[in-house]
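Architecture and fold: a report
Given next are the chains, with one letter for each unit.
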Amino acid sequence: MANLQEQIQAITQACQDKKASDIDVLPVGKMTSLTEYFVLASGNSTAQVDAIADAVIEKMEDLGIEPSHRQGQREARWIVLDFGDVIVHIFHREERDYYGLERLWKKDQEDDHEED
């Protein structure tokens, strides 16, 4: 099985292959027990969001890893793919701007560093 860095590399490469924008890898393991990393990416249309998700799933299956949970593929506005140590969030641009997920998690990371 692929190590964590290989998984992140495969995910980000799949996103790049489908021309995703604003790909961001957030280490969240110190803030939550849910996962070690969030990978966020954006698409400009529901078709692109869906294609990015399909590419990520395919790359991860090539590594022998299938998502334990997936949500949002029907609407393709915000798709979540749970690979255990990595949770992938693929947004339509409008949803990503609205929810600001990275602002929340990066703020928490900054707050954690201030306490150190």
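Scroll up to find the structure.
These figures come from a predicted structure and were not determined experimentally.

**Focus: the pattern of salt bridges**
Across all of its chains, the model carries 4 salt bridges by this definition. In this structure, Arg 93 engages Asp 22 in a salt bridge whose closest nitrogen and oxygen atoms are separated by 2.8 Å. Residue Arg 93 is located in helix H3 (residues 93-99), and its partner Asp 22 is located in strand S1 (residues 21-27); the two are separated by 71 residues in the primary sequence. Here Glu 95 ties to Arg 77 by a salt bridge, and the two come within 2.8 Å at their closest N and O atoms. Remark: Arg 77 occurs in the loop between strand S3 (69-71) and strand S4 (78-82) and Glu 95 occurs in helix H3; sequence separation between them is 18 residues. For Glu 95, a relative accessible area of 19% gives the class buried. Here the residues in one salt-bridge network are Arg 77, Glu 94 and Glu 95, joined through shared partners.

**A short note on the side chain of Ser 42**
Tracing the backbone shows Ser 42 in strand S2 (residues 37-43). Side-chain polar atoms of Ser 42 contact the side chain of Arg 96, separated by 2.9 Å. If we skip the residues at most four places from it in the chain, Ser 42 touches Ala 20, Ser 21, Asp 22, Ile 52, Phe 91, Arg 93 and Arg 96.

**Some words on the nonpolar core**
If you look at the biggest cluster of nonpolar residues, it comprises 24 residues, and the most contacted ones within it are Ile 11, Val 56, Leu 81, Phe 83, Val 88 and Ile 90. Among the elements that make up this core, the one with the highest residue count is helix H2 (residues 46-62) (7 residues). Once residues lying within four places of it in the same chain are set aside, the contact partners of Ile 90 are Ala 41, Val 49, Ile 52, Ala 53, Val 56, Arg 77, Trp 78, Ile 79 and Leu 81. Core analysis: the second largest hydrophobic core is formed by 8 residues, Val 28, Val 80, Ile 87 and Phe 91 among them.

**Structural notes on the pairing of S2**
Of all 7 residues in S2, 7 are buried; the element is thus mostly enclosed. Side chains Tyr 37, Val 39, Ala 41 and Gly 43 of S2 all project onto a buried face; the interleaved residues Phe 38, Leu 40 and Ser 42 project onto the opposite face, where all are buried too. The pairing of S1 with S2 spans 5 bridges and is classified as antiparallel. Bridging from a neighbouring strand, Pro 27 pairs with Tyr 37 of S2. Here S2 pairs with strand S5 (residues 86-92) via 7 bridges, running parallel. Bridging across to S5, Ala 41 finds its partner in Ile 90.

Calculation criteria
Residues numbered from 1 in each chain as written. Predicted model: local features only at pLDDT ≥ 70, side-chain atom pairs only at ≥ 80, totals over all residues. Heavy atoms only, no water. Salt bridge = Lys/Arg side-chain N within 4 Å of Asp/Glu carboxyl O. Helix = DSSP H or I, 4+ residues; strand = E, 2+ residues; numbered from the N terminus. Buried < 20%, exposed > 50% of the residue type's maximum accessible area, 1.4 Å probe, protein only. Polar contact = N/O pair within 3.5 Å; in protein donor to acceptor, adjacent residues only side chain to side chain. Contact = heavy atoms within 4.5 Å. Core = buried A, V, L, I, M, F, W, Y, C linked by side-chain atoms within 4.5 Å. Pairing = 2+ DSSP bridges.

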